[in-house]
Structure formats: C-alpha cells, structure tokens
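If you want the building blocks of each chain, they are given just below.
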Amino acid sequence: MRKNLVAGNWKMNTTYQDGLALVSEITNMVQDEVTGSDVEVVICPPFPFLAAIGKQLPENSRFHLGAQNCSQKESGAYTGEVSARMLQSVGCEYVILGHSERRQYFREDNELLSQKLKAALATGLKPIFCVGESLETREADDTFKFISQQLQEGLFHLSNEEFDQVVIAYEPIWAIGTGKTATSAQAQEVHAYIREQIAQAYDAEAALNTTILYGGSANAQNARELFSQPDVDGGLIGGASLKSRDFTDIIKSF
Ligand SMILES: O=C[C@H](O)COP(=O)(O)O
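Residues numbered from 1 in each chain as written. Predicted model: local features only at pLDDT ≥ 70, side-chain atom pairs only at ≥ 80, totals over all residues. Heavy atoms only, no water.

Under an unreviewed UniProt entry, the name given to the protein chain is Triosephosphate isomerase, and the source organism is Hymenobacter telluris. As recorded by UniProt, the Sequence similarities (unreviewed entry) comment attached to the protein chain reads in full: "Belongs to the triosephosphate isomerase family." Listed in UniProt under the heading Subunit (unreviewed entry), the comment for the protein chain reads: "Homodimer." (UniProt positions renumbered as here; feature names shortened; annotations may be inferred.)

Here it is as structure tokens:
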C-alpha cells in the first residue's frame, strides 16, 4: 500500500560503534520531534550491524530495518553471500535491490536482479527496487526508454501479488553523491512516467498504490520541495542519512 517513506542507505559507512551511536541519535530525535505524521522510516546499515541495530529500533513504531543487498541463492556453498532468509531472521523487513552502485561495480544486471527479487519476495522481504539513468542517457534524451527497460526486464515479471510488496526508488545516477539533485519537476516527471508504466504492466490501482521514492543528493534543504510533488512518496537517502540532524529533518519534510 502506498505510504510516505524515508529510507536511509548507509552504504559502506560507519563502524559498529558509530552505527549504534547514530541509530540511537536518530531514534531519539525522531521520537521527540516527529509526531503528527505517519511517515515510515527504514534504516539500512551494513550487514554486520543489522542484528544489533534492529534491536535498537523501537518496537511497533515507524522504524523498520532494511538490508542493502541479498543473494539470489537460497542457501548453500556460496562463500561470502547473505541470503534473504538470513536477513529476515535478524529482523529485516526491507532489502534494497538494483542500486546503481551494485549495477555498476558488481555487474548486477536486470536478469540477476529479477532472481534476487524473487528470492527476497519468497522470504517475505519487501524490495526497494532502484532504477535511474546516467547523465549520458539523460543528455541523449533516452531517460524514459532506459527506465522503461529497467522496469520491464527487472521488475514487471512479478505477479500482481508480488508486485504489491515492492517499493520503487528513482535514483538518477548523475545525482547520487554528487550534490547535484534532480529538480522537483525532473523527479516528478520520471515518477509520473513510472506510475504510467505500472498502470500498463499491471493496472491503475497498482499504479496508484505503489510507493515511489526519490534518491540522489536529497537533503534537509530540498526534501520538502521534492516530497511535495504528487508522485514522490519519500526518499532513499545516502549521505544525509549518516547525519542524525539532517536525516531527522528529512523525515520531518512531509
Ligand atoms: O541510496 C541512496 C542514494 O544512492 C542516494 O545517495 P546520496 O543521497 O548520497 O546522493
């Protein structure tokens, strides 16, 4: 079901000790300052800290635990891999899949991502599935075509029931970690396009009910403007999720 959601993707940052301190600051600030809103908050720390950080999240609250990746394999001799079931067993409810950094540095393609999605969904994890174009693609005026292909090949093979569990994050690669944010109009245009594509692949109800996040240098200054767009339901936040004051202010931006 569509909701306002802010997810903090810590990427490969913090130590165990710093991570615990950060989540404690975030939960305290949010509980003190965010009252009248139903925004959901997902904290996505690195794998080794998931269990401990999950225990620090207040129970039955707006806070949820998410991972940054999972294996497409169920279990077995796959050295170094982390399965969806393992994530679920330490309290994860969400998993980020298809982040551009994984597509770029770890060669994850739409075929592999479609297998990871299936593995996550089979375990009951909710995927936050990322799509987004490079600067080159945008400048060639191919953004819509590119996003459509990522959706078709990566996501739209899911059944209606499976698709219901998915959150989509639009993250233009040129805006990630660069300090260069998409304008609210640019974000809205692509979000609306994604919703149209969902309506075509599934139906109008699925399109209306899907939560679509924006990611890419979102911060405490620009979040309110981005989140006020009709098709932007929140954010997938990188750098600013590592600063408790900034992250809390983003959560307050609805
Ligand atoms: O997953 C988060 C996105 O990659 C955005 O990162 P950023 O906020 O540091 O640009």
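Back to the write-up after that little detour.
Enquirer: Explain the pattern of salt bridges to me, please; I cannot follow it from the model alone.
Expert: When the charged atoms of two side chains lie near each other, side chains of opposite charge can form a pair. All chains considered together, the criterion is met by 13 salt bridges. In this structure, Asp233 engages Arg195 in a salt bridge whose closest nitrogen and oxygen atoms are separated by 2.9 Å. Of the two residues, Asp233 sits in the loop between α11 (223–227) and β8 (234–237) while Arg195 sits in helix α9 (residues 184–201), which places them 38 residues apart along the sequence. For the pair Asp233 and Arg195, a shared accessibility class is recorded, and that class is buried. Here the salt bridges do not stand alone but share partners, grouping Arg2, Arg195, Asp231 and Asp233 into one network. (Salt bridge = Lys/Arg side-chain N within 4 Å of Asp/Glu carboxyl O. Helix = DSSP H or I, 4+ residues; strand = E, 2+ residues; numbered from the N terminus. Buried < 20%, exposed > 50% of the residue type's maximum accessible area, 1.4 Å probe, protein only.)

Enquirer: Help me out: how do you make sense of a negative patch on the surface in this one?
Expert: Where like charges cluster on the molecular surface, the negative patch consists of Glu161, Asp164, Asp203 and Glu205. With respect to the helices and strands, Glu205 occurs in helix α10 (residues 204–209). Here Glu205 falls in the exposed class, since its relative accessible area comes to 56%. (Patch = residues over 30% accessible without salt bridge, like charges linked within 9 Å, V, L, I, M, F, W, Y side chains within 5 Å. Areas by Shrake-Rupley, 256 points an atom, 1.4 Å probe, with all protein chains shown as cover. Lys, Arg positive; Asp, Glu negative; His and termini not counted. Charge placed at Lys NZ, Arg CZ, Asp CG, Glu CD.)

Enquirer: What is the right way to look at helix α12 (residues 244–251) in this model?
Expert: It helps to recall that an α-helix has 3.6 residues per turn; residues three or four apart then point in one direction. Here α12 has its buried residues at Ser244, Phe247, Thr248, Ile250 and Ile251. Buried residues of α12 fall within an arc of 155 degrees about the axis and therefore sit on the same side. (Arc of directions from axis to C-beta.)

Enquirer: I'm lost on the site of the ligand in this one. Help?
Expert: The local shell around the ligand consists of Asn9, Lys11, His99, Glu171, Ala175, Ile176, Gly177, Gly216, Ser217, Leu236, Gly238 and Gly239. Lys11 places a side-chain nitrogen or oxygen 2.8 Å from an oxygen atom of the ligand. The contact in question runs from an oxygen atom of the ligand to an N or O atom on the backbone of Gly177, over 2.6 Å. If the ligand stood free it would expose 300 Å²; the protein chains cover 95% of that surface. Residues of the shell around the ligand, tallied by class, amount to 3 nonpolar, 7 polar and 2 charged. (Near = heavy atom within 4 Å. Polar contact = N/O pair within 3.5 Å; in protein donor to acceptor, adjacent residues only side chain to side chain. Nonpolar A, V, L, I, M, F, W, Y, C, P; charged D, E, K, R; others polar.)

Enquirer: Please explain the packing of helix α1 (residues 16–33) against α12 as it appears in this structure.
Expert: Axes are the key here: two packed helices are described by the angle between their axes and the distance separating the axes. Direction vectors running N to C along α1 and α12 enclose 35 degrees, while the axes themselves pass 9 Å from each other. Along this stretch, α1 crosses α12, giving a crossing that reads as right-handed. Together, Leu22, Glu25, Ile26, Met29, Val30 and Glu33 of α1 and Ser244, Arg245, Phe247, Thr248 and Ile251 of α12 make up the contact between the two elements. (Axes fitted to C-alpha atoms, helices over the stretch in contact; angles between N-to-C directions. Left-handed = near helix turned anticlockwise from the far one by under 90°. Contact = heavy atoms within 4.5 Å.)

Enquirer: Which parts of the structure should I look at to understand the confidence of the model for the protein chain?
Expert: Fine structural detail should not be taken from predicted coordinates in areas where pLDDT scores are low. Chain-level statistics for the protein chain give a pLDDT mean of 96 and a share of 100% at 70 or above. Here the complex is predicted with pTM 0.97, and the ipTM for its interfaces comes to 0.99. (pLDDT = per-residue confidence, 0-100.)

Enquirer: Looking at this model, I keep getting lost on the UniProt feature "active site" (unreviewed entry) in the protein chain. Mind explaining?
Expert: When the UniProt feature table is mapped to this numbering, "active site" (unreviewed entry) covers His99 and Glu171. These annotated residues cover 73 residues of sequence, and their C-alpha atoms all fall within 8.3 Å of one another, placing them together at a single site. Summarising the element assignment, His99 is placed in the loop between β4 (94–97) and α4 (100–105). Along the chain, the position of Glu171 falls in the loop between β6 (167–170) and α9. Taking relative accessible area as the criterion, Glu171 reaches 5% and is therefore assigned buried. Ignoring sequence-local partners within four residues, the contact set of Glu171 consists of His99, Val131, Gly132, Glu133, Ile176, Gly215, Gly216 and Leu236. Of the polar contacts made by the side chain of Glu171, one reaches the side chain of His99; its length is 3.0 Å.

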